[in-house]
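Survey of secondary and tertiary structure
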Amino acid sequence: MAKQFNVGDTVYFISNGICVRKVKVVRCAGGFVTIKFDTSNTNEGPAGTRVRESKVYASIEEAEVVAKAHLNQHKLD
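What comes next is a walk through the structure. (Residues numbered from 1 in each chain as written. Predicted model: local features only at pLDDT ≥ 70, side-chain atom pairs only at ≥ 80, totals over all residues. Heavy atoms only, no water.)

1. Here's the deal with the sheet that holds strand S4 (residues 48-52)
In plain terms, the rule: The rule for pairing is simple: two strands pair if DSSP sees at least two bridges between them. Only DSSP runs of H or I with at least four residues qualify as helices, and only runs of E with at least two residues qualify as strands; both kinds are numbered from the N terminus onward. The contact criterion used is simple: two residues touch if any of their non-hydrogen atoms lie within 4.5 Å. Every axis corresponds to a line fitted to the C-alpha atoms, with the helix fit spanning only the stretch in contact, and the corresponding angles, defined between N-to-C directions, vary from 0 to 180 degrees.
Reading across from one edge, S4-S3-S2-S1-S5 is the order of the five strands in this open sheet, with antiparallel pairing throughout. Looking at the sheet topology across the chains shown, the edges are occupied by S4 and strand S5 (56-57). The sheet contacts of helix H1 (residues 60-73) involve strand S1 (10-15), strand S2 (19-29) and S5, and relative to S1 the element is tilted by about 15 degrees.

2. Considering the nonpolar core
Applied cut-off: Definition of nonpolar core: a set of buried residues of the types Ala, Val, Leu, Ile, Met, Phe, Trp, Tyr and Cys, connected through side-chain atoms within 4.5 Å. The cut-offs for exposure are 20% and 50% of the maximum accessible area for each residue type, with area from a 1.4 Å probe on protein chains only; residues under the lower value are buried, those over the upper are exposed, and the others partly exposed.
Judged by nonpolar contacts, Phe5, Val11, Phe13, Val23, Val25, Cys28, Val33, Ile35, Phe37, Val51 and Val56 together constitute the single largest core of 11 residues. Looking at this core, the elements that each hand over two or more residues are S1, S2 and strand S3 (32-37). Contact partners of Val11, with chain neighbours within four places excluded, come to Phe5, Arg21, Lys22, Val23, Val25, Ile35, Val56 and Tyr57. Tyr12, Ile14, Tyr57 and Ala67 belong to the second-largest nonpolar core, a separate cluster that totals five residues.

Listed below in structure tokens is the structure:
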């Protein structure tokens, strides 16, 4: 499996299925990336998480297309 992202890359993550957040890659291993959010919702400092490479996107445009598709798919009639 080829690595898609490198440590230090700025990528985009879809939070809660609709919100696109700018993040930095801090580690890559085994098809997963550890990402660090630029801002946190609390005053305790930056937050991060580990996700599959397929859950982060190289451009904000790509992430927004996926987020909009997810939102349209889950809209209530």
